[in-house]
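Letter by letter, the chains look like this.
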Amino acid sequence: MRSRPFIALRLPEVVHPGETFDVELSLESASATPIDFVRVTLKYTQTLWSMGRQDVLQARDRLVISEEVAGRGRLEEGVHGYRASFTLPRDVPPTHRGLVAELQCGVTAVVSIPWWPDAEESGDIVVRPAVGPRPRTEPFTGASARGAGAFVEVSLPDRTFAPGDMLTGAVAFGGLGGRRASALEVALVGVERVDVGGQRSSSETHRLSFFRDLAGTHEGQEVPFRIEVPGDLAPTFSAEEVSLEYALEAVLEHAGGRLVHRVPVDIGSFAPRPGGDAKRPRVGAARWRAVWARAGERAGLSLREGVDGLGLRGVQAGCVVEVAPVDERPAAGLGATVHIAEPWGLDLQVRPRRALELVGVVTGDPGFDGRFRVRGREDAQVLAALTPALRAALTVFPEVELDDARVRVRSAVGAFDGSVLDLFLRQIEALARAIAAAGAALPPPASMEPWLPAWRSFAEESGGSLQVGPMRLTGYLEGARFEVATLFKGAAAAGTRVALPLEPAIEGAGGGALAAKEALAAALREQVSWFRDVEGGVISVGPEEIAVKLAAVLGQPAAAREVLQPMLAAARALRGERRGGPYR
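Sequence order sets the numbering: in each chain, residues are counted from 1 along the sequence as written. The predicted nature of this model means local features are confined to residues of pLDDT at least 70 and side-chain atom pairs, given and counted, to a pLDDT of 80 or more, with totals for whole chains, interfaces and linings taken over all residues. As a rule here, side-chain values come from all non-hydrogen atoms in the structure, and water together with hydrogens is ignored.

Draft legend 1. Molecular detail of the nonpolar core. By nonpolar core we mean a set of buried residues, namely Ala, Val, Leu, Ile, Met, Phe, Trp, Tyr and Cys, connected to one another through side-chain atoms within 4.5 Å. We call a residue buried when its accessible area falls under 20% of the maximum for its residue type, exposed when it is over 50%, and partly exposed in between, using a 1.4 Å probe and counting protein chains only. By size, the foremost hydrophobic cluster in this structure holds 65 residues, and its most contacted members are L156, L167, L188, F225 and L248. Should any heavy atoms of two residues lie within 4.5 Å, those residues are counted as being in contact. Aside from chain neighbours lying at most four places away, what touches L167 is L156, F161, L188, F225, R226, I227, V229 and L248. By size, the runner-up hydrophobic cluster in this structure holds 43 residues, among which are F372, L394, A434 and A438.

Okay, structure coming up:
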C-alpha cells in the first residue's frame, strides 16, 4: 500500500550571496511507494503590494534553481536521506520585508507519487550580506543651502555604519536673524523605493530619532547627538525595481518655519568596531526606560533628557508632542500634550460636555456632539477646524481638552506595556497629523474673506507670516518687527491693532511715555491723512511696545505702513536717536 512520506528539511538559517550551501532532505516512508522523482527547488521571489498591503500588484520569481535528487523508482519503507547543493548568485539582494516590497528566499522539496497526492515541504532562508572589513573611515561635514535664511550644519565621524554601531555626530545652526530656535530632531531614516513599469513610489520604513529642545541653545553652538543602530536593522541595498536607502535627517524648528537637511549614509554588514562592551538585560526602571525608548524610536520620539522619570518628546507633523505617565488616581495611565505649531486664533474651546449642558457649536457628528462642548468666535471657522479626521482622532481618547494652542489627552491604560504604549503613540501621531491638516486649511473670518489676498500679499511683501484664523500678521519694516491684528466684537471684525515691539525693551521709557504718546498722536494726525476718520482708537507707549488701536478694520493692511512710520520715529526718539527731527 503506497503512502505519502514524511519530509524533514534541514536548512541553514542565513546564507550569503555567492555562497554555496547544502540542503539535507530526510524522507520517512511508512510503506513501499512508487515515485516519479524527488526534487529540491531553491526559489527567490519578489512580491509588490499596494499601500496598506491589501492587494498584490506583482509577484514574480527572481531566481529558480532545481535539483532532482532521485528519479523514477520505488521508495522502500524506512528513512531515506538526500542532499542538494545550491550556489546563490553574488548579486542577489538581501531578504527584505518592507511596506510595499517583499524579497524572500526559500527551499521546497517535492516527492512526486504517480496517481497519488504529492508530498511537499518548504522552509525559508534569510539572505544577508557576509560580514566584511569596514571601509576606510572618512569624516564628513555638510550643510543645507546657506542663503539669506536659516541653515543647518552636520558633522559625522563617518557615513558608513553597521547594525549595532552607535551613530554619533553634532549639529549646529545659524542664519535665524534673531528668531528663536525651538527644537531639533536628528533621525536615521530608512526609505524603501519601488520602480515598476515607470510607476515610482517610496515609503519610510525606519525612523530612529534623537530630539533636543533648543531653549538656551545659541546659533553656532554644537549640539551633539547619539543614535543606536539596532543589531537587526536591514542593510542598504539596490536591486532591480526595489531598493532600501538610508539618510541622516536633521530637522530644525524655529520661529520662522521648519528646515530639513538630509545626509545619505550607508548601513552595511561590517565587523564590529573595536572596544564594544557586552550588554546585559535590564530590569525595573531601567527596563521601563528601554521600553519607552524603543517605543519612542518607532514613533519618532525620544526620551526627555534630564528627566528621572519616564517621558517622551519630539516633533510630529510640525507639532511638538510630549507623552508621560499619568499618576493621578483613579485616572492613572498615559497622557499627552500636542502643541499646535501656530496657534489657530479662533477662541476655540473643546472640553467634555457636562450633564444637562447645551451642546454649543453643533458639528453634526452625534458621537462627538454628545461627548464635547464646543465654543469659538465664529461657527464656520470652528466647523472647518474640527474636520472629520480631527474629530475621529480626538474621540479615541477618554479625556480631551483642546484650545487654539494645544490639545491634552489621557487614556487609562498601562504605562509600561510596550504594545499598549505603541498603540497610544500611533493614536497621538494620528492626532498630530489631523491637527496639522486642519490648521493648514483654516478659512479666514467670514467678514475678512474678501481681504484675504491683500493680507497674504502684504505678509509676503513685509517678509513675515499670516495667521489666517484670526487675520493677524507679523512682518518687518526698516528691520523692525511689527504686528497687524484684526480685533473682533463677537464674530464680526471691529477694529485693527498695529503693534511695534521694542526689541530690546527701552529702559526708562516709562518716564517719557506720556510725552511720547502725545507726540505720536499729533504725528499720526499730521502725517496719516485718514487717521482722523478712525481716531476712536487708543495709543499706548511702554518700555516693551508701542501700539495703536484703530476703530476701523484694515481691509488693505499695507495702509498700516503709514501708521508704523510715526511709531518707528517714536521708538527712535525714546532711544535718544535723532534723524532730522523727532518724527521725520
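Draft legend 2. Highlighting the sheet that holds strand β1 (residues 6-10). Paired strands are those between which DSSP finds at least two bridges. Runs of E in the DSSP output that reach at least two residues are strands. Runs of H or I that reach at least four are helices, and both are numbered from the N terminus. Pairing within the open sheet is antiparallel, and its three strands lie in the order β1-β3-β8. The sheet is open, and its two borders are formed by β1 and β8 (78-87), each paired with just one other strand. This sheet shows a mean twist of 20° between the axes of neighbouring strands, independent of strand direction. Where β1 and strand β3 (residues 20-29) come together, five bridges link them in antiparallel fashion. Each residue of the ladder has a partner; that of L9, found in β3, is L25. In this description, a line fitted to the C-alpha atoms serves as the axis of each element, helices being fitted only across the stretch in contact, and the angle between N-to-C directions of two axes falls anywhere from 0 to 180 degrees.

Draft legend 3. The arrangement of the packing of aromatic side chains in detail. In this analysis, rings of Phe, Tyr and Trp, with Trp reduced to its six-membered ring, are considered paired at centre separations within 6.5 Å, and the interplanar angle assigns stacked below 30 degrees, edge-to-face beyond 60, and tilted for intermediate values. This model, assessed by the stated rule, comprises five aromatic pairs. Ring plane angle 50° and centroid distance 6.4 Å describe the contact between F210 and F225, whose orientation is recorded as tilted. With F210 in strand β17 (residues 199-213) and F225 in strand β18 (residues 223-228), this pair connects stretches of sequence that are 15 residues apart. Accessibility expressed as a relative area gives 10% for F210, which makes it buried. With centroids separated by 5.9 Å and ring planes inclined at 35°, the aromatic side chains of F458 and F482 adopt a geometry described as tilted. Residue F458 is located in helix α6 (residues 452-461), and its partner F482 is located in strand β32 (residues 480-489); the two are separated by 24 residues in the primary sequence. Of the two residues, F458 and F482, both sit in the buried class.

Draft legend 4. View of α6. Within α6 the residues assigned to the buried category are L452, A454, W455, F458 and A459. Seen along its axis, α6 keeps its buried residues to an arc of 160°; they face one direction. In α6, the exposed positions that point more than 90 degrees away from the buried face belong to P453, E460 and E461. Directly after α6, the chain includes G463, whose backbone phi takes a positive value near 65°. As used here, the arc is the angular range of directions from the helix axis to the C-beta atoms.

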